[in-house]
Each structure stands twice: as structure tokens, then as C-alpha cells.
Amino acid sequence: MLKAILNFFITQIFQTPAYFMGLVVLLGCLFLRKDAKSTLISVIKAVVGMMILSIGAGQLKTASQNVIEIFTMRLGLTGVSTDMWTAVYAYIEELNLINMGNVAMVMITAWVVNLLLAKFTPIKTIFLTGHVAYCDSAFITFFLYKVCGLTGGALFVGAVLTCAVYWWLFPAILRRFLTPMLGEETPLTLGHNLCISGLITTQLARLFGKKEESAENLKLSGWLSIFKDSVVAYSIIMSVIYVTIILIAGPEIVAKKAGSTNYIVYGLNQGLTMAVGVYVLLSGVRMFLNELIPAFKGFSDRLVKGAIAAVDSPVFWSYGPNAALLGFLFTVLGQFAGVGLLALFGSPVMAIPSVIPLFFGGCTLGVFANAWGGWKGVIGATFIMGIITICGSAALAYVVGTNFVPGHSDWSTLWLGVMFILRTLFGARV
Amino acid sequence: MKKYKIGVCCTFGAGSSMMLKMNLSQVFSKMGLDATVEVYDISGVTSVELDAIYTSAALAQQVASSGTSAIVIPVVNYFDLAELEELTKKHLLAAGQE
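These numbers come from a predicted model, not from an experiment. Per-chain numbering applies: the sequence of each chain, read as written, is numbered from 1 onward. Lettering for chains starts from A, numbering for ligands starts from 1, and both go in the order in which the items are written. Side-chain atom pairs in this predicted model are given and counted only at pLDDT of 80 or more, local residue features only at pLDDT of at least 70, and totals for whole chains, interfaces and linings cover all residues. The basis for the side-chain values is all heavy atoms of the structure; hydrogens and waters are excluded.

**So, the overall build of chain B**
Helix and strand definitions follow DSSP, with helices as H or I runs of at least four residues and strands as E runs of at least two, each counted in order from the N terminus. Across its full length, chain B carries four helices and four strands. Shown N-terminal to C-terminal, the secondary structure of chain B runs as helices and strands in the order β-α-β-α-β-α-β-α. Relative to the 2.2 N^0.38 estimate, which gives 13 Å for 98 residues, the radius of gyration of chain B is 12 Å and therefore close to what a compact globule would have. Seen through its C-alpha atoms, chain B measures out along the principal axes to roughly 30 × 30 × 20 Å. Accessibility here uses a 1.4 Å probe with only protein chains present; expressed as a share of the type maximum, an area under 20% marks a residue as buried, one over 50% as exposed, and anything in between as partly exposed. Residue burial in chain B is summarised as follows: out of 98 residues, 55% are buried. The contact definition used throughout considers only heavy atoms, calling two residues in contact when any of these lie within 4.5 Å. Within chain B, counting contacts between residues at least 6 apart in sequence, those at least 24 apart form 58% of the total. With C-alpha atoms as the basis for the radius of gyration, the globule rule is written as 2.2 Å multiplied by the number of residues raised to the power 0.38.

Structure follows, in C-alpha cells:
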């Protein structure tokens, strides 16, 4: 009887991401000594939020997959999506096959390890970007599975330790390079997949210009600022990219997917579906993070004194709003130049640019570059990082063996290197 | 005492605005203000009735021009609680006294 109950608990609650998240939030509420009413509300929102997330991400995956398949049919190249949420969904689908799809469990355990590392070592970084932590958990688990062939407990432990060290150590390394922007004292650093690449960007920027010639003195077109709205950014950027691919493919090939729908309209539909998917997804993410993050922060405040908070990228944009937009613009140009280079050298894998690396990556790297090399630094460094990001994404997809990669520039630099070494050591892909 | 409805807004409404929300809640309770703080993204924030919207200095203009009737308060350092208190006194409380 006891065994049956335990079994039910493990297979039905613990391995279902939504209920698992509800359980974690329940513990958080008990820890914060919330009353029964607000505990009930919090738990419901965490569970429903996770369910909304997976519906939104499913939309993204379907739309991207359609375009990738069309791309592959026409050009015979492997198309690769660089949208992080699409990758999360695709990876979890595959991880479900080996019963490792509940990456929230990796995330929560890795967070605890991060707290312990911060408590007992001199490096006090606490990773507070919840949605990135969720994505990273999916990415790392999937990569270790694919590249090293790990499964079960070994995969779980490997993913937990890798995530924890990445969240704890790399934001701390980057922190030194943010001093021109934040000063010595501010207990902040970036908690995102732009740590090593952020460091590279600052040093590239230094080669191109002087920080005294700040991008903030430039006048930029007001049009660029419309991309700050994620719905608008996704709609415009993904529609342009997808319609371009559809036009290259031509009506005959697209018709295999589109049926009687006009092929250009079909491309537009897929682009706009990306905006829909992201909007739905984010309302879910917001819902469960609203319950999770304050509990985690309350916990870490009590446990770790003098913590350095590793936080999401837009926190830094206010240190250089103009530099952010300039960085975005030249990341776009750089990534498209990267696509050109891949085509020129006949790469069998083609990475398709996507909004999150372009906008969130571009803006953040732009601000960092400005602090070290002014506007010339922003232009030079983000352009080069754009090329590296897109070529690295294609290479990562090849090394791991997938059509979906996370897209942010740490995955195209640091993790590409790590996965290449691991694959060489372990010999084979799953 | 007036109960304030406050919005916090960033591009996605998931990461950085959550940090600002927690810091603001701390500042409000220290100042003894009765306020609910909710997180939004740029598209969502215009469709709700709010007293004030705290947002990044990089996004303030975008939010202000979206047709919201709320006071838009640009923040530079999300983690500088003194700055947040100052901004609250200057923008939110001053507007209430008119």
C-alpha cells in the first residue's frame, strides 16, 4: 500500500512538471509562513502557469518546425532554429522518451547547489533569472544526454552540477568586466547566457573604440525602439525571416505543408504564430515565476549574507539605452553576415536567426561594449559577435545532432567548446 | 489612506521586472504605502488601469507614448532602494497631493 502511494507520488506528481512546480511553491509558501488562502492561490498559479508555458512553447515549436522542414526540402540543408523556447520544448519532448522530461527538478536542485556554493565559498553569486534557469536546465540535460549518452541518475546529477557551476561561477567572472558600468560596490551581475560572450564583447569593444565616445551621444531613429515590445519584435522579425525562406522555397514545395493556403500568407502565418506562442508562453512564465522567485529570494537572503544577485539582461539596458539599440542593429547585421558566410562556405547546417539572440543578446552586448569602447566599440563588437553567434549555433547543432539550439552567444562559444570536447571524449551521439 | 495600484514593466515582464517588483514592495512597506504591485510586459501594461508604472529608463518613453493614463516612472538602478524611494516621493506622492 505504502509502495503504491509512493509510486503514485513519484510517477504522477514528481515527474509532471506542472505539479512538481506546484509542490515546490507549496514548500516556499510554508517557508514564508503564508496563510492558507494565499498559499492556495500561489500553488494554483504555479501549476497553471507551467501548463500555459507548455502550450505557448508548443506553438513555437510547430511554427519553427514547419519552416525548417520547408527549408530542408528546398535546399537540402539542415535548417536550425535558434529560438531558446522552441529548443526547450523540442528538448523536453525528446527527454520525455527517457523519462527525464521534468527539467524543473534539475532546476530546483541546481538552485539549491548554487545556494550552498555561495554560502560556503568566497564567490557569492545567486542566480535569480528564473526563466533562464528553467531553459538552461533543459539545455544542459539534453546536451549531456546527447553528447555523453548519460541517462537516469547520472544524467540528473551531471546536469544539476553543470547548471549550478555555470550559474554560480560565470556571472562572477563577468562581474569584473562590468565595473566600468556598475562600479565596484553594486552587488549585481548578469544572470543570463551571455557571460563568457559578454566578456569577449567587452574586450573586442576595447579594440574598436574609446569608452569616452559613448553611444549615448548619438541620435538614433525612433523606429528602432518599436522592437522593445516583444510582440512587435517577434511579429516583424520572424515574419520577415520566415517569409524570406518561404519565397526561396517557392510555391510548389510550400504547398506540401500549406495545402490551399497561399504560400506567402502561410509564411506570414508561421511568423505571427511565433509572436502568439511567445506571448502565451510568457504569461505562463510570469505566473509561476511570480510565485517562485520571491520565495527563492527570501530563502537565499536568509541563508547567504552579502550575495551578488545574477539578474536578467534588461536590468542593464538602463545604463545605455542608445547603446542597447545600436547593439541590436549590428547584431542583426552580424547574424545575417554569418548566414551569408555559412552559405558561402557551403555549410551543411544553416542556422536561422531568431528574436531572442538578436534583440536580448544584441541589446545587452551593446550596453557592455559601450562601457568599454563607446559607439565604435558597440558597432565592431556586436557585429563580430553576431557572426560568431550564428556560425557557432550551426556548429553546436552539428556537434549535438539536433535541429534546435538555444541561440544565445554563450551556447555558440563556451558550450560549443565544452560539447565538442565531451563528444570527442565520449565518442558518439545518441 | 489611498491604495495604490502599481505596475512594473519590462520587455518580457518575466525577469528584470520581477526584481524591480520585489525591491519596490520592500520600499513601499518601509514607507508605509498600501500598494499592490503587478508585473507586465509593454503590450499588456497599457490595457490595465494603474496609478503608476515603474519601468527601465530605457523603456520609459515607449511606455509613456503607448497611451496609458498612469504616471510613468523611469528607474536607472533597480537595486538602489534609495533611488526607488526618492522616485516614489517625487512622482507618485507629489501627484496625489495636487
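**Quick notes on the interface of chain A and chain B**
The interface is formed by 32 residues belonging to chain A together with 26 residues belonging to chain B. When two parts are brought into contact, each loses some accessible area as probed by a 1.4 Å sphere; the total of that loss over both is the buried area. A combined buried area of about 2,500 Å² lies between chain A and chain B, and 65% of that area is made up of carbon and sulfur atoms. Broken down residue by residue, the surface that chain A buries against chain B is led by Lys228(A), Arg286(A) and Ser318(A), which jointly contribute 23%. Each reported salt bridge corresponds to a side-chain nitrogen of Lys or Arg within 4 Å of a carboxyl oxygen of Asp or Glu. Across the pair Arg286(A) and Asp41(B) runs a salt bridge whose closest N-O atoms are separated by 3.9 Å. Distance and chemistry together define a polar contact, namely a pair of N or O atoms within 3.5 Å, with one atom able to donate a hydrogen and the other to accept it when in protein, and with adjacent residues in sequence counting only for side-chain atoms on both sides. Linking chain A with chain B are three residue pairs in polar contact (both at pLDDT 80 or more), by the criterion used here. The element contributing the most residues to the side of chain A that touches chain B is helix α12 (residues 263-303) of chain A, with 10 residues. The class makeup of the residues in the side of chain A that touches chain B is 21 nonpolar, six polar and five charged. Residue classes follow a fixed rule: Ala, Val, Leu, Ile, Met, Phe, Trp, Tyr, Cys and Pro count as nonpolar, while Asp, Glu, Lys and Arg count as charged, and any other residue, Gly among them, counts as polar.

**Overview of the pattern of salt bridges**
Residue and element names in this part refer to chain B. Tallied over the full model, the rule gives nine salt bridges over all chains. Here Lys30 makes a salt bridge to Glu85, at a shortest N to O gap of 2.8 Å. Note that Lys30 is positioned in helix α1 (residues 16-31) and Glu85 in helix α4 (residues 81-97), a separation of 55 residues in sequence. Note on Lys30: relative accessible area 64%, which makes it exposed.

**Here we look at the confidence of the model for chain B**
Low pLDDT marks stretches whose predicted atomic positions should not be read closely. Residues at a pLDDT of 70 or more form 94% of chain B, whose mean pLDDT is 84. On the interface metric, ipTM, the complex scores 0.76, and its pTM is 0.86. Per-residue confidence from the predictor is reported as pLDDT, which spans 0 to 100.

**So, α1(B)**
Residue and element names in this part refer to chain B. Multiplying one less than the number of residues by 1.5 Å gives the expected span of a helix. For α1, built from 16 residues, the straight-helix expectation of 22 Å at 1.5 Å per residue is met to within 8% by its first-to-last C-alpha distance of 23 Å. Of the positions making up α1, those classed as buried are Ser16, Ser17, Met18, Met19, Leu20, Lys21, Met22, Asn23, Leu24, Val27 and Phe28. One or two positions beyond α1, positive phi appears at Gly32, with a value near 75°.

**A few points about the sheet that holds strand β4 (residues 71-75) of chain B**
All names here are of chain B. Should DSSP find at least two bridges between two strands, the strands are regarded as paired. Read from one edge of the open sheet, four strands run β2-β1-β3-β4, paired in parallel fashion. Because the sheet does not close on itself, it has two edges, and the strands there are β2 (34-41) and β4. Going from strand to strand, the sheet's axes swing by 25° on average, the running direction of each strand aside. Of the strand pairs in this sheet, strand β1 (residues 3-10) and β2 are connected by eight bridges, and their pairing is parallel. Bridging from a neighbouring strand, Cys10 pairs with Asp41 of β2. Lines fitted to the C-alpha atoms define the axes, with helices restricted to the stretch that makes contact. Angles between their N-to-C directions range from 0 to 180 degrees.

**Topic: a nonpolar patch on the surface**
Residues Leu6(A), Phe8(A), Phe9(A) and Ile10(A) make up a contiguous nonpolar surface patch of roughly 380 Å² in combined accessible area. As for its position among the elements, Leu6(A) is in helix α1 (residues 2-14). Any residue with relative accessible area above 30% and no salt bridge may belong to a patch, with like charges joined within 9 Å and the nonpolar Val, Leu, Ile, Met, Phe, Trp and Tyr side chains within 5 Å. Method for areas: the Shrake-Rupley scheme with a 1.4 Å probe, in which residue coverage is limited to the protein chains shown.

**Quick notes on a positive patch on the surface**
Only four residue types enter the charge count: Lys and Arg as positive, Asp and Glu as negative, with His and the chain ends excluded. To locate a charge, take NZ of a lysine, CZ of an arginine, CG of an aspartate or CD of a glutamate. On the surface, a cluster of positive charge is made up of Arg33(A), Lys119(A), Arg302(A) and Lys305(A). Under the relative-accessibility criterion, Lys305(A) is labelled exposed at 62%.

**Points about the side chain of Ser137(A)**
Residue and element names in this part refer to chain A. Assignment of secondary structure puts Ser137 in helix α6 (residues 130-148). Judged by relative accessible area, which is 0%, Ser137 ranks as buried. Separated by 2.7 Å, the side chain of Ser137 and the backbone oxygen of Ala133 make a polar contact. Here Ser137 is in contact with Val103, Val106, Met107, Cys163 and Trp167, once residues within four sequence places are set aside.

**A few points about the sheet that holds strand β4 (residues 308-311) of chain A**
Residue and element names in this part refer to chain A. One open sheet holds the three strands; their spatial order is β2-β4-β3, and the pairing between them is parallel. Of all strands in the sheet, those with a lone pairing partner are β2 (125-127) and β3 (188-190), marking the two edges. Averaged over all pairs of adjacent strands, the angle between their axes in this sheet comes to 30°, without regard to strand direction. Where β2 meets β4, three bridges bridge the pair, whose relative direction is parallel. Residue Ile126 lies in a different strand from β4, and its bridge partner there is Ala309.

**A closer look at the packing of helix α3 (residues 36-75) of chain A against α12(A)**
Residues and elements named next belong to chain A. Where α3 meets α12, the closest approach of the two axes is 7 Å, and the angle between their N-to-C directions is 160°. Taken together, the axis directions place α3 and α12 in an arrangement best described as roughly antiparallel. Judged by the twist between their axes, the crossing of α3 over α12 is left-handed. Classifying every residue of the contact of α3 with α12 by side-chain character gives 19 nonpolar, 11 polar and two charged. Angles below 35 degrees are treated as roughly parallel, those above 145 as roughly antiparallel, those between 65 and 115 as roughly perpendicular, and all remaining angles as oblique. The hand of a helix crossing depends on one turn: near helix anticlockwise from the far one by less than a right angle means left-handed, and clockwise means right-handed.

**A closer look at the nonpolar core**
The biggest cluster of nonpolar side chains holds 164 residues, and the ones touching the most others in it are Trp85(A), Trp111(A), Tyr134(A) and Tyr54(B). Element by element, the count of residues in this core is highest for helix α15 (residues 355-400) of chain A, at 21 residues. With sequence-adjacent residues up to four places away left out, Trp85(A) is seen in contact with Leu53(A), Ala57(A), Leu60(A), His131(A), Tyr134(A), Cys135(A), Leu281(A), Val285(A) and Ile356(A). The term nonpolar core refers to a set of buried residues drawn from Ala, Val, Leu, Ile, Met, Phe, Trp, Tyr and Cys, joined through side-chain atoms within 4.5 Å. With 12 residues, the next largest nonpolar core counts Cys10(B), Val45(B), Val63(B) and Val72(B) among its residues.

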